[in-house]
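Structural description and commentary
Now for the letters of each chain:
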Amino acid sequence: MLVIDENRTTAMVIRNDGFKVTLVPLKDGKLSARCISFAQFRQRWYETDYPLAKALATFQGHVARLGASGAVIKGLLRLQNRDRYVVASLF
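Here goes a summary of the coordinates provided. (Residues numbered from 1 in each chain as written. Predicted model: local features only at pLDDT ≥ 70, side-chain atom pairs only at ≥ 80, totals over all residues. Heavy atoms only, no water.)

**A closer look at the overall build of the protein**
Across its full length, the protein carries 3 helices and 5 strands. Along the protein, helices and strands appear, N-terminal first, in the series β-β-β-β-α-β-α-α. The buried share of the protein, taken over its 91 residues, is 31%. Taking contacts inside the protein between residues at least 6 apart in sequence as the whole, the part at least 24 apart equals 50%. (Helix = DSSP H or I, 4+ residues; strand = E, 2+ residues; numbered from the N terminus. Buried < 20%, exposed > 50% of the residue type's maximum accessible area, 1.4 Å probe, protein only. Contact = heavy atoms within 4.5 Å.)

**Focus on the pattern of salt bridges**
Evaluated as defined, the whole model comprises 2 salt bridges. The salt bridge involving Arg-44 is made with Asp-5; its shortest N-O contact spans 3.0 Å. Separated by 39 residues along the polypeptide, Arg-44 in helix H1 (residues 38-44) and Asp-5 in strand E1 (residues 2-5) bring together distant segments of the chain. The class for Arg-44 is partly exposed, based on a relative accessible area of 25%. Among the ionic pairs, Arg-44 bridges to Glu-6, the shortest N-O distance being 3.6 Å. One end of the pair, Arg-44, is in helix H1; the other, Glu-6, is in the loop between E1 and strand E2 (10-16), and 38 residues separate them in sequence. Taken together, the shared-partner salt bridges connect Asp-5, Glu-6 and Arg-44 into one network. (Salt bridge = Lys/Arg side-chain N within 4 Å of Asp/Glu carboxyl O.)

**Examining helix H2 (residues 52-66)**
With 15 residues, H2 extends 21 Å between its outermost C-alpha atoms, agreeing within 8% with the 21 Å of an ideal straight helix rising 1.5 Å per residue. If you check which residues of H2 are buried, you get Leu-52, Ala-55, Leu-56, Phe-59, His-62 and Val-63. For H2, the angular spread of the buried residues around the axis is 125°, confining them to a single face. Exposed residues lying more than 90 degrees from the buried face of H2 are Ala-64 and Arg-65. One or two positions beyond H2, positive phi appears at Gly-67, with a value near 90°. (Expected span 1.5 Å × (residues − 1). Arc of directions from axis to C-beta.)

**A closer look at the sheet that holds strand E5 (residues 45-47)**
Spatially, E4-E3-E2-E1-E5 is the arrangement adopted by the 5 strands of the open sheet, whose pairing is antiparallel. Looking at which strands have only one partner, the edges of the open sheet turn out to be strand E4 (34-37) and E5. For this sheet, the mean inter-axis angle between neighbouring strands, taken without regard to orientation, is 40°. Alignment of E2 against strand E3 (residues 20-25), held across 5 bridges, turns out to be antiparallel. (Pairing = 2+ DSSP bridges. Axes fitted to C-alpha atoms, helices over the stretch in contact; angles between N-to-C directions.)

**Topic: unusual backbone geometry**
Its identity is not glycine, yet Arg-8 carries a phi of approximately 65°, on the positive side. Checked against the element boundaries, Arg-8 lands in the loop between E1 and E2.

As far as function goes, none of this settles anything; it's purely spatial.
Okay, here's the thing in structure tokens:
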């Protein structure tokens, strides 16, 4: 899921268990994951309608150029694999 906050910071949600949300804000430099409570997430972040595949490509391009933590790389890879299987099952 791609989200945006009131400061127009874009972030990718890589994990949501209903209690904690792990997201990756898109920023200059190496990307890192951030964990916040689900309540705080709902107050501050809003879902966008930007296509997930395009967002993943943008984030992965950023990772290739500037790097990311291991948690971010694993989370983005998990989203990419999940998205691939969902789309493949539609055809």
